[in-house]
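# Structural features, examined
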Amino acid sequence: MEAAAAAVPAPSPPPSAAAAPGSAELVCAEGRNLKAVLCQRCGSRVLLPGAATFTRRELLLPAMRKKAAAAAGGGSGDVVREHWLVRDMFSFENVGFTRDVGNVKFLVCADCEAGPIGWHCLDDKDSFYVALERVAHE
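- An unreviewed UniProt entry annotates the protein chain as Guanine nucleotide exchange factor MSS4 originating from Melopsittacus undulatus.
- Quoted verbatim from the Function (unreviewed entry) heading of the UniProt record, the comment on the protein chain is "Guanine-nucleotide-releasing protein that acts on members of the SEC4/YPT1/RAB subfamily. Stimulates GDP release from both YPT1, RAB3A and RAB10, but is less active on these proteins than on the SEC4 protein. Might play a general role in vesicular transport."
- As stated in UniProt under Subunit (unreviewed entry), the record for the protein chain gives "Interacts with RAB8A."

So, in structure tokens, the structure goes:
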């Protein structure tokens, strides 16, 4: 019985983490965030470790700016591909939402209103995306 248990290989990291070398140190074997997610500007805690799942999805986010300007939409933006996926809005420690822009709300830091740091489609009530490149980790 013990020999069989020793032959079982250790779990490998999720394929999405292996495909993203820059984020590999941020993702645990189960695909969740290893570190706390923070606002890049003020350091406010957005998510606790383990609160989100790493995912790859191509989304266009407006350029970083204050909440009022982010809600206006338009202008230049960035295509971001690596995100923390949060399934319950109450998992956030500190996040704000812009007014609706079509069927989307953008996520911003609730303390300094920097953003957008992420995206939420009103058609999918259980999916909140936080762009890895728009936040810090500790």
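From this point on, the discussion continues.
### Let's talk about unusual backbone geometry
- Following Gly115, the chain continues into Pro116 via a peptide bond in cis, with omega recorded as 5°.
- Secondary-structure assignment places Pro116 in the loop between strand 8 (114–115) and strand 9 (118–121).
- With a phi angle near 65°, Glu113 is a residue other than glycine that sits in the positive phi range.
- Position of Glu113 relative to the elements: it lies in the loop between strand 7 (104–108) and strand 8.

### Topic: the pairing of strand 7
- Within strand 7, four of the five residues are buried, which leaves it mostly tucked inside the rest of the structure.
- Two strands pair when backbone bridges link them, and strand 6 (residues 96–97) and strand 7 are joined in this way by two bridges, in the antiparallel orientation. Residue pairing in the sheet places Gly96 in a bridge with Val108 of strand 7.
- The turn linking strand 6 back onto strand 7 is made up of six residues, and Gly102 within it adopts a positive phi angle of 70°.

### What about the packing of aromatic side chains?
- Enumeration according to the criterion identifies four aromatic pairs in this entry.
- Ring plane angle 85° and centroid distance 6.0 Å describe the contact between Phe92 and Phe128, whose orientation is recorded as edge-to-face. Highlighted residues: Phe92 in the loop between strand 5 (77–86) and strand 6 and Phe128 in strand 10 (residues 128–131), separated in sequence by 36 residues. Like Phe128, Phe92 is buried.
- Where Phe97 meets Phe128, the ring centres are 6.0 Å apart and the plane angle is 65°; that geometry is what we call edge-to-face.

Here is what the cut-offs are and how they apply
Residues numbered from 1 in each chain as written. Predicted model: local features only at pLDDT ≥ 70, side-chain atom pairs only at ≥ 80, totals over all residues. Heavy atoms only, no water. UniProt positions renumbered as here; feature names shortened; annotations may be inferred. Helix = DSSP H or I, 4+ residues; strand = E, 2+ residues; numbered from the N terminus. Buried < 20%, exposed > 50% of the residue type's maximum accessible area, 1.4 Å probe, protein only. Pairing = 2+ DSSP bridges. Phe/Tyr/Trp six-rings, centres within 6.5 Å; stacked < 30°, edge-to-face > 60°.

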